[in-house]
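Chain residues, written in single-letter form:
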Amino acid sequence: MLLDKPRTEWYMKTISSLNLSHKSVLDVGAGSGILSLSAASAGAKHVHAVEAAPLVGRALAQTFKTNKVDGSVHATKVEDLELDEKVDVIVSEWMGFYLLHESMLDSVVLSRDKFLKPGGIMVPSQAKIFLSLVSVPNLYHERVSFWDNVCGYDMSSLKSMAIMKLIGSPTCDVVKPENLISDVAEYAAFDLTTVTSSELAHLERKIVFTVARDSSFHGICCFFDVGMGNGDPLSTSPHAPATHWKQSLFMLGGEYQVKASEKVEATVEMRRAADNPRQYAIAVSMGS
């Protein structure tokens, strides 16, 4: 992920813009340590890097030593972490696909409640999820209509299984701006200084999209932004530079035709899995 230039540069720029002199910083899910190193370069008096993977933690400790970072590496889950001090700043690259899938947001919220001083800084401090109708005929052909003619043979009997697989989970893919065929709607917004774990357990919103042009229609494109409330956010929009998160597609399983200015109503529900808090079940229903 260090090769994800928009991601890495946004964090480094944001951290360097903070006045970290005489401030302590907690890096949740430190990984390679790039955020910890950035905080140290920005003047942090002490950096606590939390990394649950023991091998990575040992390498990170050597990275701190090599780069003369005044800090501590905690090779443990943040849920098990104990510190002798509250921190002034929490930094974390916690986001997953469509923001929430396999994300560490619950761990970050726990860290905030346990370790952040009143009035402390969260990086990032805001997050938003966006949705738009999408037309992806090439993807639909590769996954579904392909079976109508495979080397001259009719294999359409396999289409029902292909459709079930397609709609069974979001598809992560690069979506071009021209694939979006409606306005972009804000689905959810989170203030990371106050959001609670219970507020993340279930999201649901009904949205009425306005179609921009006559087009085929295959599903809903989901992407997100994170930011600090001012300045440019880190965006995974199809209009922004590509990131490793790409975009997430909630495919409907069919190919439909829509007209310019047509109103399309969709209800999108995200519910956290009971057996795995880092996974969500997604349901999309079209119409009223």
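Heads up: the structure comes first, above all this text.
Cut-offs used in this document
Residues numbered from 1 in each chain as written. Predicted model: local features only at pLDDT ≥ 70, side-chain atom pairs only at ≥ 80, totals over all residues. Heavy atoms only, no water. Helix = DSSP H or I, 4+ residues; strand = E, 2+ residues; numbered from the N terminus. Buried < 20%, exposed > 50% of the residue type's maximum accessible area, 1.4 Å probe, protein only. Contact = heavy atoms within 4.5 Å. Areas by Shrake-Rupley, 256 points an atom, 1.4 Å probe, with all protein chains shown as cover. Lys, Arg positive; Asp, Glu negative; His and termini not counted. Charge placed at Lys NZ, Arg CZ, Asp CG, Glu CD. Salt bridge = Lys/Arg side-chain N within 4 Å of Asp/Glu carboxyl O. Core = buried A, V, L, I, M, F, W, Y, C linked by side-chain atoms within 4.5 Å. Disulfide = S-S within 2.5 Å. Pairing = 2+ DSSP bridges. Axes fitted to C-alpha atoms, helices over the stretch in contact; angles between N-to-C directions.

A short note on the overall build of the protein
Stage number 1. Within the protein, the regular secondary structure consists of six helices and 14 strands.
Stage number 2. Counting only C-alpha atoms and orienting by the principal axes, one finds that the protein spans roughly 65 × 40 × 35 Å.
Stage number 3. Within the protein, buried positions represent 46% of all 288 residues.
Stage number 4. Contacts in the protein between residues far apart in sequence, at least 24 positions, make up 75% of those at least 6 positions apart.
Stage number 5. When the accessible surface of the protein is split by element, carbon and sulfur atoms take 53% of a total near 14100 Å².
Stage number 6. The average position of the 27 basic charges and that of the 33 acidic charges among the side chains of the protein differ by 3 Å.

Focus: the pattern of salt bridges
Opposite charge on two side chains lets them pair, provided their charged atoms get close.
Stage number 1. If you walk through the whole model with that rule in mind, you get ten salt bridges.
Stage number 2. For lysine 117, the salt bridge identified is with aspartate 88, shortest N-O distance 3.1 Å. Of this pair, lysine 117 sits in strand 5 (residues 116-123) while aspartate 88 sits in strand 4 (residues 87-91), and the two are 29 residues apart along the sequence.
Stage number 3. Look at lysine 117 and you get partly exposed, because its relative accessible area is 32%.
Stage number 4. Taking relative accessible area as the criterion, aspartate 88 reaches 14% and is therefore assigned buried.

As for the nonpolar core
Considering soluble globular proteins, one finds that nonpolar side chains tend to be buried as a cluster.
Stage number 1. The biggest cluster of nonpolar side chains holds 71 residues, and the ones touching the most others in it are Leu99 and Phe190.
Stage number 2. It is strand 10 (residues 215-227) that contributes the most residues to this core, five residues altogether.
Stage number 3. Residues in contact with phenylalanine 190, not counting those within four places in the same chain, are Leu99, Ser125, Gln126, Ala127, Ile129, Val195, Leu200 and Leu203.
Stage number 4. With 13 residues, the next largest nonpolar core counts Val136, Leu180, Cys221 and Met251 among its residues.

Some remarks on the state of the cysteines
Stage number 1. Per the stated rule, a full pass over the model turns up zero disulfides.
Stage number 2. No disulfide involves cysteine 172; its sulfur sits 10 Å from the nearest other cysteine sulfur, which is in cysteine 221.
Stage number 3. Residue cysteine 172 is classed as partly exposed on the basis of its relative accessible area of 32%.
Stage number 4. Counting only cysteine sulfurs, cysteine 222 is the nearest neighbor of cysteine 221, a cysteine outside any disulfide, at a range of 7.3 Å.

Points about the environment of glutamine 62
Stage number 1. Mapped onto the elements, glutamine 62 comes out in helix 3 (residues 54-66).
Stage number 2. Note on glutamine 62: relative accessible area 44%, which makes it partly exposed.
Stage number 3. Once the C-alpha coordinates of glutamine 62 and leucine 2 are considered, the two residues, 60 residues apart in sequence, prove to be 18 Å apart.

What about the sheet that holds strand 13 (residues 263-272)?
Stage number 1. An order of 9-13-14 is seen for the three strands of this open sheet, with the pairing classed as antiparallel. What marks the edges here is a single partner per strand, and that holds for strand 9 (202-210) and strand 14 (280-286). Strand-to-strand twist in this sheet, taken as the mean axis angle between neighbours without regard to direction, amounts to 15°.
Stage number 2. Here strand 9 pairs with strand 13 via nine bridges, running antiparallel. Pairing of lysine 206 across the sheet is with threonine 267, part of strand 13.

Here we look at the pairing of strand 10
Stage number 1. Burial runs high along strand 10: 13 of the 13 residues are buried.
Stage number 2. Across seven bridges, the pairing between strand 10 and strand 12 (residues 247-258) is antiparallel. Bridge pairing links phenylalanine 217 to tyrosine 256 in strand 12.
Stage number 3. Alignment of strand 10 against strand 11 (residues 234-235), held across two bridges, turns out to be antiparallel. Counted as the bridge partner of aspartate 225 is serine 235 from strand 11.
Stage number 4. Linking strand 10 to strand 11, which pair antiparallel, is a turn of six residues; within it glycine 229 sits at a positive phi near 90°.

Concerning the side chain of asparagine 179
Stage number 1. The topology assignment puts asparagine 179 in the loop between strand 7 (171-173) and strand 8 (185-191).
Stage number 2. Taking relative accessible area as the criterion, asparagine 179 reaches 16% and is therefore assigned buried.
Stage number 3. Sequence-distant contacts of asparagine 179, defined by excluding residues within four places in its chain, comprise Leu133, Val134, Ser135 and Val136.

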